[in-house]
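Secondary and tertiary structure notes
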Amino acid sequence: AELEVTSPGGTLDEALVEQAAAVPGVRAAAGVLESFVALAGAPEQSLYVLGVDFLGSPVFEAQLPRTAVDIPDETIFVAQPDSVAVTEQLAHRLGLDEGGTLRVTAPGGERSLRIRGMVRDAAPARLFDGAMLLMDLPGAQRLLGHEGCVDRIAVQLARGAQLDDVRTRLAATLGSAAVVSTPDARGQQSESLLWSLRTMLATMSALAVIVGVLIVFQTVAVSVQQRRREFAMLNAVGVGRRTLMGLCLAETAAIATIDLFQKDRTIEK
């Protein structure tokens, strides 16, 4: 999709999909609903739910070609709201077969989904190591408790349409509650957030190193101060300052190595 419509407040009214599709210069528009649910009995395993109108809209042909989605009976798949297509990786990992049942924990509690399709080598199937569930949009809305809502609207432009002109018309048609942007804008926003996180972590790491150096310096300084009498006696019997300094450094290195080894063993446990 060349454009997408989102809302700062969260979800969008599904009725906006038809309004977007009717804007001049728009070839097709389709709603997308996505979220995560837990595998029933194994809450630590999350499954990515993707709800799209992939049977009736050409918007998702590139990501979900019909040759990559095996649905024996498309009519039943669309008619039954509990229909789901799982990736072959997930089916192999969980021992699932077509026609079987998959229980998940959704916002409304535990739900049973009927496996009526398999997703082969498609781009979304590679997300999260294949832990993805593909559903028709109404079924996903019912599962996630978002009836009549979508997370975003994917928009394809008609041939020869100018992106900026269509974006302006979409913004005017859909109103201030909708934000029209290119899909790249979400990637740039995520990259900006990640850059801020990396900067913060790098700053914290540098401060931790500085604090660690000061602690080590203070510890060694106190140790040397407390043993001035012993050092003076060693110096008096012929042990030079350079040798004493080497002994102190060797002792510090040995203690640091032992402490690091103990911490590694603690982390492993």
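We now turn to the structure provided with this report. Predicted model, so just to flag it, every value in this text is computed and none were measured.

What to know about the side chain of Glu4
Note on placement: Glu4 falls in strand β1 (residues 3–6). Owing to a relative accessible area of 3%, Glu4 belongs among the buried residues under this scheme. At 3.5 Å, the side chain of Glu4 and the side chain of Arg152 are in polar contact.

With respect to the nonpolar core
Leu47, Val86, Leu102, Leu133, Ile153, Val155 and Leu170 are the most contacted members of the largest nonpolar core, which has 42 residues in total. A total of 5 residues in this core trace back to one element, the largest contributor, which is strand β3 (residues 26–39). Other than its neighbours up to four places away in sequence, Leu47 contacts Ser35, Phe36, Val37, Leu39, Leu90, Leu102, Val104, Ala131 and Leu133. Grouped together as the second largest cluster of nonpolar side chains are 21 residues, Ala28, Val32, Leu50 and Ile71 included.

Some points on the pattern of salt bridges
Using the criterion set out here, one finds 8 salt bridges in the structure. The shortest N-O distance in the salt bridge between Glu4 and Arg152 comes to 3.5 Å. Here Arg152 lies in strand β11 (residues 152–157) and Glu4 lies in strand β1, a separation of 148 residues in the sequence. Exposure class is identical for Glu4 and Arg152. Each is buried. Between Asp70 and Arg120 there is a salt bridge, and its shortest N-O distance comes to 3.3 Å.

Comments concerning the environment of Ser176
Position of Ser176 relative to the elements: it lies in the loop between α5 (163–174) and β12 (179–181). With relative accessibility at 78%, the residue Ser176 sits in the exposed group. Here the alpha-carbon distance between Ser176 and Arg241, two residues 65 residues apart in the chain, equals 77 Å.

Points about the pairing of strand β8 (residues 109–119)
One ladder, built from 2 bridges, connects strand β5 (residues 69–70) with β8; its direction is antiparallel. Bridge pairing links Asp70 to Met118 in β8. Bridge analysis of strand β6 (residues 83–87) against β8 gives 5 bridges, and the strand direction is parallel. Across the sheet, residue Val86 finds its bridge partner in β8, namely Met118.

Side note on the packing of aromatic side chains
As enumerated under the stated definition, the model contains 3 aromatic pairs in all. Relative to Tyr48, the ring of Phe36 lies with its centre 5.5 Å away and its plane at 50°, an arrangement referred to as tilted. Of this pair, Phe36 sits in strand β3 while Tyr48 sits in strand β4 (residues 42–52), and the two are 12 residues apart along the sequence. Centre to centre, the rings of Tyr48 and Phe128 are 5.3 Å apart; their planes meet at 55°, and the pair counts as tilted. Here the residue Tyr48 occupies a position in strand β4, and Phe128 occupies one in the loop between β8 and β9 (132–136), the gap between them amounting to 80 residues.

Cut-offs and rules
Each residue is numbered by its place in its chain's sequence as written, counting from 1. Local features in this predicted model are restricted to residues whose pLDDT is 70 or higher, and side-chain atom pairs enter the listing and the counts only when it is 80 or higher, whereas totals over whole chains, interfaces and linings include all residues. Only hydrogens and water are set aside; all other atoms, that is, all heavy atoms of the structure, feed into the side-chain values. Counting from the N terminus, the helices are DSSP H or I runs at least four residues long and the strands are E runs at least two residues long. Exposed residues in this analysis have more than 50% of their type's maximum accessible area, buried residues have under 20%, and partly exposed residues fall in between, with area computed by a 1.4 Å probe over protein chains only. Any pair of N or O atoms that falls within 3.5 Å is considered a polar contact. Within protein, one atom must be able to donate a hydrogen and the other to accept it, and sequence-neighbouring residues count only if both atoms are side-chain atoms. Side-chain atoms within 4.5 Å link the members of a nonpolar core, which is a set of buried Ala, Val, Leu, Ile, Met, Phe, Trp, Tyr and Cys residues. Between two residues, a contact is recorded if the distance between any of their heavy atoms is within 4.5 Å. Any carboxyl oxygen of Asp or Glu that lies within 4 Å of a side-chain nitrogen of Lys or Arg is treated as forming a salt bridge with it. Any two strands are treated as partners once DSSP identifies two or more bridges connecting them. Side-chain rings of Phe, Tyr and Trp (the six-membered ring for Trp) are treated as a pair once their centres are within 6.5 Å; stacked means planes under 30 degrees apart, edge-to-face means over 60, and tilted covers the remaining angles.

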